[in-house]
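Here's the letter readout for the chains.
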Amino acid sequence: GSGLLKKKTLVPGQGVDTRPRKGQDVTIRLKATLEDGTVVEEDPDLTFTLGDCDVLQALDLCVQLLEMGETALIVSDSKYCYGAQGRSPDIPPNASLTLEVELLAARDAPDLELLSGKEKVQLANRKRERGNYFYQQADYVLAINSYDIALRIIGSNSKVDFSPDEEAELLDVKVKCLNNLAASQLKLDHYKAALKSCNLVLEHQPENIKALFRKGKVLAQQGEYREAIPILKAALKLEPSNKTIHAELSKLVKKHADQRNVETEMYRKMLGNPSASGTPRKYKDKLPWSIPWKWLFGATAIALGGVALSVVIAARN
C-alpha cells in the first residue's frame, strides 16, 4: 500500500498452491538493475532460506508470493535493498532497484539433526556473516535475528558424532555469535539480554576480552560502576595495549568518583551538615551518645531529685 515495494508478473507460474513456504530453501534466477538500467547483480541460481533474511528484504518478502516457474518484476525502494549506505562501489546510497526474479525450486531445509559438524559450522557461519552485514548497516534488530538463528543451528540436537576439531569449531562460532549478539543488544539498550550473552561467553571462555569489555560496558550503562571497573581492569590486564579499554576504564573511574562525591554530599545533608566546604564532622561532635555515661547518669539523678522536691513543696502548700 505504500508503493515502496511493487511486484508485476511477467510469466505466470503453476498456481497458488506451488508458492514456497517460510523456512524452505528456494532457488531463484536474479537480475538486479538500477533506475538507469545499469545491471548491478546477476545470479542464475541463487539459493537461500526463505524468511531468514539471508538476502535483500525485497526478495525475502516477494519470493513468498511467487508461484513455481513464475517470472516477476519487483521494483523496490532502497529501504528494502541496500538503504542509506548503498553497496560500494556499484550501488549508490538510497538507490531503488528493479529485480527480475524467476522461482526455479523450493524444498524443505535440511534436517539439522543429520548435518555433519562441518555442514553445521558452514550453515551457522553463513547466518553469522549475515548478522554482521546487518550490524554494519546499523540494523541491529535484523542482526540479532541472524545471530539467534545461527545459535539455534549450533545448539540443535544431532544424531551425528562430531570430531573434537568440529566441536571446537562449533564452539568458536558460538562464542563469536554471542559476542556479536551482545554488541547488538547493547546498541538497542537491551542491557539484561546483553549481560546474559556476555555471561554465556564467559562460561566457556572466562578470559574472553570482548565479553569482559562488553560486560563492563553493560554494567556501566546501568550505573554499576563499582562492579564494572574490576571487570574492565581484568580485560586490560589481558591486553594492556588496548586503547579502547584504557579509555573506557578512565571514563568509568571518573564517573565512579563523581558518583561517590554526590553520595557523600547527600549523606552530609541527611546528617544535618549542609556545609559544602569542610569535611564531615565526626559523629561524636553531633550525637548525644558520645556524652560520657557518668555525666548522663548524674544529670538524670539531679533532674529526678528536683521533680521530687517540687512535689513535696506543692503538697505542703
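Residues numbered from 1 in each chain as written. Predicted model: local features only at pLDDT ≥ 70, side-chain atom pairs only at ≥ 80, totals over all residues. Heavy atoms only, no water.

As recorded in an unreviewed UniProt entry, the protein chain goes by peptidylprolyl isomerase and comes from Pachyramphus minor. Here the protein chain is described in UniProt, under the heading Catalytic activity (unreviewed entry), as follows: "[protein]-peptidylproline (omega=180) = [protein]-peptidylproline (omega=0)". (UniProt positions renumbered as here; feature names shortened; annotations may be inferred.)

Peer 1: Would you take a moment to explain the overall build of the protein chain for this structure?
Peer 2: Per the secondary structure count, the protein chain includes nine helices and five strands. Reading the helices (α) and strands (β) of the protein chain from amino to carboxyl end gives β-β-β-α-β-β-α-α-α-α-α-α-α-α. Within the protein chain, counting contacts between residues at least 6 apart in sequence, those at least 24 apart form 64% of the total. Summing over all exposed atoms, the protein chain offers an accessible surface of approximately 19,300 Å²; the carbon and sulfur share of this is 54%. (Helix = DSSP H or I, 4+ residues; strand = E, 2+ residues; numbered from the N terminus. Contact = heavy atoms within 4.5 Å. Areas by Shrake-Rupley, 256 points an atom, 1.4 Å probe, with all protein chains shown as cover.)

Peer 1: It is not clear to me how a nonpolar patch on the surface should be interpreted in this structure. Could you clarify?
Peer 2: On the surface, Met266, Tyr267, Met270 and Leu271 cluster together into a nonpolar patch covering about 460 Å² of accessible area. Examined against the element boundaries, Tyr267 turns out to sit in helix α8 (residues 243–270). Using a relative accessible area of 46% as the deciding quantity, one classes Tyr267 as partly exposed. (Patch = residues over 30% accessible without salt bridge, like charges linked within 9 Å, V, L, I, M, F, W, Y side chains within 5 Å. Salt bridge = Lys/Arg side-chain N within 4 Å of Asp/Glu carboxyl O. Buried < 20%, exposed > 50% of the residue type's maximum accessible area, 1.4 Å probe, protein only.)

Peer 1: I would appreciate a short explanation of the side chain of Asp52 in the present structure.
Peer 2: Following the sequence through the fold, Asp52 ends up in the loop between β3 (39–49) and α1 (57–62). Reaching out from Asp52, the side chain makes a polar contact with the side chain of Lys127 at a distance of 3.0 Å. With residues up to four places along the chain from it excluded, the contact list for Asp52 reads Asp60, Lys127, Asn145, Ser146 and Ile149. (Polar contact = N/O pair within 3.5 Å; in protein donor to acceptor, adjacent residues only side chain to side chain.)

Peer 1: I'm lost on helix α5 (residues 191–204) in this one. Help?
Peer 2: Since the α-helix advances by 3.6 residues per turn, residues separated by three or four positions end up pointing in the same direction. A rise of 1.5 Å per residue sets the reference length of α5, with its 14 residues, at 20 Å; its end C-alpha atoms lie 21 Å apart and thus fit the reference within 8%. Among the residues making up α5, those that are buried are Tyr191, Ala194, Ser197, Cys198, Val201 and Leu202. Buried residues of α5, seen end-on, are gathered within an arc of 135° and therefore sit on one face of the element. The outward face of α5, more than 90 degrees from its buried face, is lined by the exposed residues Lys192, Lys196 and Glu203. Elements that come into contact with the buried residues of α5 comprise α4 (164–187) and α6 (209–221). (Expected span 1.5 Å × (residues − 1). Arc of directions from axis to C-beta.)

Peer 1: What exactly am I supposed to notice about the environment of Arg128 here?
Peer 2: Position of Arg128 relative to the elements: it lies in helix α2 (residues 117–136). Judged by its relative accessible area of 12%, Arg128 falls in the buried class. Sequence separation between Arg128 and Ile149 is 21 residues; the distance between their C-alpha atoms is 8.3 Å. Once residues within four sequence positions are removed from consideration, Arg128 is found in contact with Tyr147, Ala150, Val173, Lys176, Cys177 and Asn180.

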